Amino acid sequence: MERGLGGYVLFDWDTFFAATMAGIGGRDLAYANALETLYEETPQGFVPNYARAGNWKSFDRSEPPVGAIAVLGLYRQFHDRWFLDAALSRC
């Protein structure tokens, strides 16, 4: 078993779905999932398929626009403009 991978790994499709599901129970975890995934944006301007600590991420592929759907859904659910601004500032 490999150890010491840096503490986290995000898969954009999965983490955006997790954000949507977390929104059922509360806002903070839902926002954290969505924003942390967006913060992994590559220099080419897309959210990578996966990212983990140490700037390990896919630079050659992304996923369908599940993130946009998740962000819009969370904004419509909680109506926090700062969240929408934070998500869109990554674009």
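Residues numbered from 1 in each chain as written. Predicted model: local features only at pLDDT ≥ 70, side-chain atom pairs only at ≥ 80, totals over all residues. Heavy atoms only, no water.

A.B. asks: Help me out: how do you make sense of the packing of helix α2 (residues 27-38) against helix α3 (residues 66-78) in this one?
C.D. replies: If you want to describe how two helices pack, look at the angle between their axes and the distance between the axes. The contact between α2 and α3 brings their axes to 11 Å, and the two run at 150°. Taken together, the axis directions place α2 and α3 in an arrangement best described as roughly antiparallel. Of the two possible hands of crossing, α2 and α3 adopt the one that is left-handed. On the side of α2, the interface is formed by R27, A30, Y31, A34 and L38, while α3 contributes V71, L74 and F78. Classifying every residue of the contact of α2 with α3 by side-chain character gives seven nonpolar, no polar and one charged. (Axes fitted to C-alpha atoms, helices over the stretch in contact; angles between N-to-C directions. Helix = DSSP H or I, 4+ residues; strand = E, 2+ residues; numbered from the N terminus. Parallel < 35°, antiparallel > 145°, perpendicular 65-115°, else oblique. Left-handed = near helix turned anticlockwise from the far one by under 90°. Contact = heavy atoms within 4.5 Å. Nonpolar A, V, L, I, M, F, W, Y, C, P; charged D, E, K, R; others polar.)

A.B. asks: How do you make sense of the environment of T20 when you look at a structure like this?
C.D. replies: Its location among the elements puts T20 in helix α1 (residues 12-25). Sequence-wise, T20 and I69 are 49 residues apart; in three dimensions their C-alpha atoms are separated by 9.3 Å.

A.B. asks: Would you mind showing me how to read the pattern of salt bridges here?
C.D. replies: Opposite charge on two side chains allows them to pair when their charged atoms are near. Inspection of every chain in the model, using the stated rule, returns five salt bridges. Of the charged contacts, one joins D80 and R27 as a salt bridge, the two residues approaching to 3.3 Å between their closest N and O atoms. Of this pair, D80 sits in the loop between α3 and α4 (81-88) while R27 sits in helix α2, and the two are 53 residues apart along the sequence. Overall, R27 belongs to the partly exposed group, its relative accessible area being 37%. Linking D85 and R81 is a salt bridge whose minimum nitrogen-to-oxygen distance equals 2.9 Å. In this pair, D85 and R81 both sit in helix α4, four residues apart, roughly one turn of the helix. In this structure R81 comes out as exposed when scored by relative accessible area, which is 52%. (Salt bridge = Lys/Arg side-chain N within 4 Å of Asp/Glu carboxyl O. Buried < 20%, exposed > 50% of the residue type's maximum accessible area, 1.4 Å probe, protein only.)

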